[in-house]
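# A closer look at the structure
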Amino acid sequence: MRDIPEPEPDRRDDTALNETRPTDTLFGTLEERVVPVLVPLPAERPYSYRVPEGMQVEPGTIVQVPLGPRQVAGVVWDAPTDPVEPRKLRPITRRFDCPPLSTETRRFVDWVADYTLSPPGLVARMVLRAPAAFDPEPAAEGLRLTQARPDRPTSARTRLIETAAHPGEWTRGGLARAAGVSLSVVDGLMRQGVLEPVWLPSHPVVAPPDTGAARATLNPEQGAVAEQLAERIGQGFSVSLLEGVTGSGKTEVYFEAVARALDAGGQVLILLPEIALTQSFIDRFHARFGAEPAQWHSDVAPRTRERVWRQVAEGRVRVVAGARSALFLPFSNLSLIVVDEEHDPAYKQEDRTFYHARDMAVVRGQIGGAPVVLASATPSLESRVNAEAGRYTRHLLASRFADAVLPRLELVDMRRHPPARGRFVSPVLLTAIEETVARGEQALLFLNRRGYAPLTLCRVCGHRFGCPQCSSWLVEHRLRGTLQCHHCGHAERRPEACPHCGTFDHLVPCGPGVERLAEEMVEAFPDARTILLSSDLPGGARRLRQELDAVADGEADIVIGTQLVAKGHHFPLMTLVGAVDADLGLANGDPRAAERTFQLLHQVTGRAGRTGLKSRGLIQTFAPEHPVMQAIAAGEPEAFYQRETIERERAGLPPFGRLAAIIVSADTRREAEEHGRELRRAAPPDDDLEVLGPAEAPLALLRGRHRFRLLVQGPRRAPLQAYLREMTARAPRPRGSVHVQIDIDPQSFL
DNA sequence: AGCACGCCGACT
DNA sequence: GTCGGCGTGCTC
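It should be emphasised that the depicted structure is a prediction, and the values quoted were computed from it without experimental measurement.

This brings us to the pairing of strand S4 (residues 62–67). Here S4 lies mainly inside the structure; 6 of its 6 residues are buried. The two faces of S4 match: Ile62, Gln64 and Pro66 on one face and Val63, Val65 and Leu67 on the other face are all buried. Two strands pair when backbone bridges link them, and S4 and strand S5 (residues 70–76) are joined in this way by 6 bridges, in the antiparallel orientation. Bridged to Pro66 within S5 is Gln71. Here S4 hands over to S5 after 2 residues, with Gly68 in that stretch at a positive phi of 60 degrees.

Attention now goes to the protein's contact with DNA strand C. If you check the shell around DNA strand C, you find Leu41, Tyr47, Ser48, Tyr49, Pro66, Leu67, Gly68, Val84, Lys88, Leu89 and Arg90 and nothing else. The sugar-phosphate backbone supplies 54% of the atoms of DNA strand C found within 4 Å of the protein. At 3.0 Å from a sugar or linking oxygen of DNA strand C is found a main-chain nitrogen or oxygen belonging to Gly68. Taking Arg90, its side chain carries an N or O atom lying 2.8 Å from a phosphate oxygen of DNA strand C. Those elements that place two or more of their residues in the surface near DNA strand C are strand S3 (47–51) and S4. Broken down by element, the surface near DNA strand C gets its largest block of residues, 3 residues, from S3. A breakdown of the residues in the surface near DNA strand C according to their chemical character gives 7 nonpolar, 2 polar and 2 charged.

So, about the protein's contact with DNA strand B. With respect to spatial proximity, the complete set of residues near DNA strand B consists of Leu41, Pro42, Arg70 and Arg125. Arg125 is positioned with one of its side-chain polar atoms (N or O) 3.0 Å from a sugar or linking oxygen of DNA strand B. Taken together, the residues of the surface near DNA strand B sort by class into 2 nonpolar, no polar and 2 charged.

The next subject is the nonpolar core. Within the largest apolar cluster, 54 residues are counted, with the highest numbers of intra-cluster contacts made by Leu269, Leu271, Trp309, Val320, Leu327 and Phe328. Viewed by domain, this core spans two of them, domain 1 (34–102) and domain 3 (220–397), each represented by three or more residues. Apart from residues no more than four positions distant in its own chain, Phe328 is found in contact with Phe108, Val112, Val123, Met126, Val127 and Tyr355. One finds Leu229, Phe255, Leu272 and Val319 within the second-largest nonpolar core, a separate group that totals 28 residues.

A few words on the domain arrangement of chain A. One can read the domain layout of chain A as domain 1 (34–102), domain 2 (140–200), domain 3 (220–397), domain 4 (408–453 + 512–648), domain 5 (455–510) and domain 6 (657–744). Listed by partner, the interface residues are 11 residues for domain 4 and 11 residues for domain 5. In terms of surface lost to domain 5, no three residues of domain 4 exceed Arg450, Tyr452 and Ala453, which account for 54% of the buried area on that side. Seen at the junction of domain 4 and domain 5, the total is 0 salt bridges. Where domain 4 meets domain 5, there are 9 residue pairs in polar contact (both at pLDDT 80 or more). At 3 residues, the largest contribution of residues to the side of domain 4 that touches domain 5 is made by helix H14 (residues 514–524). Split by residue class, the side of domain 4 that touches domain 5 holds 5 nonpolar, 1 polar and 5 charged.

Among the secondary structure elements, Ser102 is positioned in the loop between strand S7 (94–95) and helix H2 (103–116). Polar contacts involving the side chain of Ser102 include one to the side chain of Thr105, which spans 2.8 Å. A polar atom in the side chain of Ser102 sits 3.0 Å from the backbone oxygen of Phe331.

Moving on, we get to the UniProt feature "binding site: Zn(2+) 1" (unreviewed entry) in chain A. What UniProt calls "binding site: Zn(2+) 1" (unreviewed entry) maps, in this numbering, to Cys458, Cys461, Cys498 and Cys501. In three dimensions, the annotated residues from a span of 44 residues occupy one location, with a maximal C-alpha spread of 8.6 Å. Turning to its location among the elements, Cys461 is positioned in the loop between strand S21 (455–458) and strand S22 (475–477). Beyond its immediate chain neighbours, meaning those up to four positions away, Cys461 contacts Cys498, His500 and Cys501. Structurally, Cys501 can be placed in the loop between strand S24 (491–493) and strand S25 (507–510). Here Cys501 is in contact with Cys458, Val460 and Cys461, once residues within four sequence places are set aside.

A few words on the side chain of Asp536. Within the secondary structure, Asp536 is located in the loop between strand S26 (530–533) and helix H15 (540–552). At 3.0 Å, the side chain of Asp536 and the side chain of His477 are in polar contact. Residues within four places of Asp536 in sequence aside, it is in contact with Arg450, His477 and Arg480.

With that settled, the discussion passes to the packing of helix H8 (residues 250–263) against helix H9 (residues 279–289). Their axes nearest at 11 Å, the elements H8 and H9 cross at an angle of 55 degrees. Considering their axes alone, H8 and H9 lie oblique with respect to each other. Both H8 and H9 take part in a crossing whose hand is right-handed. In this structure, H8 contributes Thr251, Glu252, Tyr254, Phe255, Glu256, Val258, Ala259 and Leu262 to the contact, and H9 contributes Phe281, Arg284, Phe285, Arg288 and Phe289. Of the residues in the contact of H8 with H9, the class split is 8 nonpolar, 1 polar and 4 charged.

Quick notes on the rules
Residues numbered from 1 in each chain as written. Chains lettered and ligands numbered in written order. Predicted model: local features only at pLDDT ≥ 70, side-chain atom pairs only at ≥ 80, totals over all residues. Heavy atoms only, no water. Buried < 20%, exposed > 50% of the residue type's maximum accessible area, 1.4 Å probe, protein only. Helix = DSSP H or I, 4+ residues; strand = E, 2+ residues; numbered from the N terminus. Pairing = 2+ DSSP bridges. Near = heavy atom within 4 Å. Polar contact = N/O pair within 3.5 Å; in protein donor to acceptor, adjacent residues only side chain to side chain. Nonpolar A, V, L, I, M, F, W, Y, C, P; charged D, E, K, R; others polar. Core = buried A, V, L, I, M, F, W, Y, C linked by side-chain atoms within 4.5 Å. Domains from an automatic or database assignment. Contact = heavy atoms within 4.5 Å. Buried area = accessible area lost by both parts, 1.4 Å probe. Salt bridge = Lys/Arg side-chain N within 4 Å of Asp/Glu carboxyl O. UniProt positions renumbered as here; feature names shortened; annotations may be inferred. Axes fitted to C-alpha atoms, helices over the stretch in contact; angles between N-to-C directions. Parallel < 35°, antiparallel > 145°, perpendicular 65-115°, else oblique. Left-handed = near helix turned anticlockwise from the far one by under 90°.

Shown next as structure tokens:
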């Protein structure tokens, strides 16, 4: 990790903070202090503000400053500013009573801004996204018993005093309720000075974790890995790749490193993809540490969010479990970062500031001198290559818990075992389902396609229903009676007649979706309990969670699900997993399609067989010879990764993609994609082609490992060309890259 | 990012 | 004749 550039020294040296500069006034020279303040807007440098007489600020102090017509929160920074006319200078409005952002947090903001070519103000904005947290939480007024005693001790008063004598914090209302007296009794005793008001410190948003609450029982292998991870705590920056199949105890193992970091007095951040941040994870944490971690994700109530932010800044919150944005919390003493499910594409943010949270977590660890643990059953190519190259230490958890065994995986060659006409499940899989259900066990059919059918056409005239806004087909959702575009969200009612030729009742669905698969199962196994799990079912996330629990409790025989079944849910009775269309993800033109498909199928088949029952995974494919299918059948990621990546790297080839197209002309991503489709048609068939929007293009150029075809046209041509010239000029500047550049997507090989 | 200013199409 | 579209520019 020596590749992370040191912060450029000149950036700190040439602007002394609280710089004193003489200003000429009518009355002579007046000394005034001017400081750089990073404001939440896309300016390349901090703005300068005057510091009012008597105000103390230092780098990291959070302040309120006037900005045009409004007041905004900014951070006092330590970077040079552009010269500004003295008459434009305005004073800082106030400083918030809030711990200053730590040096590590500030260096992290600078680094991310520099790396992602984002204005530092916008990165700082991600840190400051808890507006009401900069002022201290309003202290609650509590009451405390004094030495004084009432002049006339009535029974109500005596009871009140007895109650108040109990240890603990009492509020006015709470005390009255607990003593069974009215508020006027409390007020009376306050007037007599028997009770006095005290300021209660605000309550911790979560109880402190207890590292000794419940030691996990680890087998020798897990114990050894846990110890190796724990030994890294306090030893400075390192990255450990913790790899193990579903059920191998990764979480329990890294919890031991978390415990060690907490014992050493540090803060811990556990990053999870938003979808994996479930109650079940929180429960597991609670079981180990006797308290919940603070949570940070989009569903956390604003009020709680602010308290978490504040208490992280104060160092009172010790552990945060959060989605990628938790990386920008104002930790002051971060001593361990865990990135669970590190391969998950949800870590990549693709709007505003583009960043990959896994990579930025590594950078944050480097800046703060803290160890980083990346955990996954199916590590990303980047992480595997980094491990191969010795930058990351690899820890392998080979076995599963107890007697649970991995499912036996078989490929079903759909050319040799075709389903019946208009059906999608091969007789081989049908037989397996029948046997499974007969034994009272559960079968899972995985198909990553929502709705009933991905394409509808008219049997009479051949009309195909396409999206009016983009170029994809409309997906029929029979349960809702709609045709929907999964690309742009366009939806319309399913018509009775063909809009082209007017014929009624001759519209035919083509291809399978989960709804259609459910229909097929109900017909084939009318006595079995079939359940459909899809993110678009009515009832929303809560209903879905209930359904998942019901499945785990055995209240279904056949489960049909989209990719949501691959994420973090354990079904103890599941002994058969069928991937209905394993080839599906391979054909979509995504250069990471093979990797994603491998990961998805691996995770789905890993759902089965936690109880020690014999379990099977059947993978329906038309291409059993494809390396992804071979690797899945072997049940060993190695086969796939070596073929797909490492060999390629050894051969001296760019890992993926010989040609990347950059569309710099477009104003919107959609427009860029349209240009991209044209370009893809025109490209030689053996070129791997990546289409990048305008926001990504300069970055890709800067990182430049690929040949680029530039298409520069349209209304913003001139500024973009200038920008690109500037970027190209910057590109040769020797700067290391933290990660092996495996992904042609510039954001992922940061 | 917001927000204001500024120049061209369909209407209370 | 105005209301309103978003293109352009500015914020210490």
